[in-house]
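Analysis of the macromolecular model
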Amino acid sequence: MSVEAMAIALHHSRAKGTPKVVLLGIANHDGDGGSWPSISTLARYANVDGRSVQRAIGQLVHLGEVSVRVQGGGDRSTRSDQRPNRYDVLVMCPETCDRTKNHRLIDPVDNPQNGVTNMSPRDGNGVTLVTQRGDAGDVNGVTP
């Protein structure tokens, strides 16, 4: 579990409603190897059905707050045909964040670099990322 990832998501995510709860669920599972909670686990967290979670993930990807690596999760003991999707939380503190536990924003007059650091999905080492509806890849067999 990544308390820091959850704090950043709480304070700096642009998502609202179900997508934000899904983001918090993904952040809750975030670790050194990314996050790969099941759709049913995220649905239980958000108190919605699986399809609503898939739509929420699509919205988070569109916002640039989550990237999806299709079948990129699991560990060495997970068979390659049974690997879950891996989610990476891309929400970061903006330049105006004081980076304390409260994530307070600094007055833009004091810090002229107003804006958010790059939060767009990254493609590392040729791994397929779901970036928006209709792009390559899918989320649990369904395009978001």
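Structure report, in brief. (Residues numbered from 1 in each chain as written. Predicted model: local features only at pLDDT ≥ 70, side-chain atom pairs only at ≥ 80, totals over all residues. Heavy atoms only, no water.)

Comments concerning the pairing of strand β1 (residues 66-69)
Residues Val66 and Val68 point to one face of β1 and Ser67 and Arg69 to the other, with burial holding for every one of them. In this sheet, strand β2 (residues 86-89) lies alongside β1 in antiparallel orientation, the contact comprising four bridges. Within β2, the position partnered with Val68 by the bridge is Tyr87. (Buried < 20%, exposed > 50% of the residue type's maximum accessible area, 1.4 Å probe, protein only. Helix = DSSP H or I, 4+ residues; strand = E, 2+ residues; numbered from the N terminus. Pairing = 2+ DSSP bridges.)

Section: the nonpolar core
Among the nonpolar cores identified, the biggest contains 25 residues, and Val22, Leu23, Ile26, Val53, Ile57, Val66 and Tyr87 are the most heavily contacted of them. Those elements that provide at least two residues to this core are α1 (3-12), α2 (18-28), α3 (39-46), α4 (50-63), β1 and β2. For Val22, the contacting residues outside a window of four places in its chain are Leu42, Ala46, Val53, Ala56, Ile57 and Leu60. (Core = buried A, V, L, I, M, F, W, Y, C linked by side-chain atoms within 4.5 Å. Contact = heavy atoms within 4.5 Å.)

Details of the packing of α2 against α4
Close contact between α2 and α4 brings their axes to 9 Å; oriented N to C, the two are set at 85°. Put simply, α2 runs roughly perpendicular to α4. Every residue of α4 that contacts α2 at Thr18, Pro19, Val22 and Leu23 is listed here: Val53, Ala56, Ile57, Gln59 and Leu60. For the contact of α2 with α4, a count of residues per class yields seven nonpolar, two polar and no charged. (Axes fitted to C-alpha atoms, helices over the stretch in contact; angles between N-to-C directions. Parallel < 35°, antiparallel > 145°, perpendicular 65-115°, else oblique. Nonpolar A, V, L, I, M, F, W, Y, C, P; charged D, E, K, R; others polar.)

Comments concerning the pattern of salt bridges
On inspection of all chains with the given rule, the structure shows four salt bridges. With a shortest N-O distance of 3.8 Å, Arg14 and Glu65 are connected by a salt bridge. Taken as a pair, Arg14 in the loop between α1 and α2 and Glu65 in the loop between α4 and β1 lie far apart in primary sequence, 51 residues in all. A salt bridge links Arg79 to Asp81; its shortest N-O distance comes to 2.7 Å. A relative accessible area of 48% places Arg79 in the partly exposed class. (Salt bridge = Lys/Arg side-chain N within 4 Å of Asp/Glu carboxyl O.)

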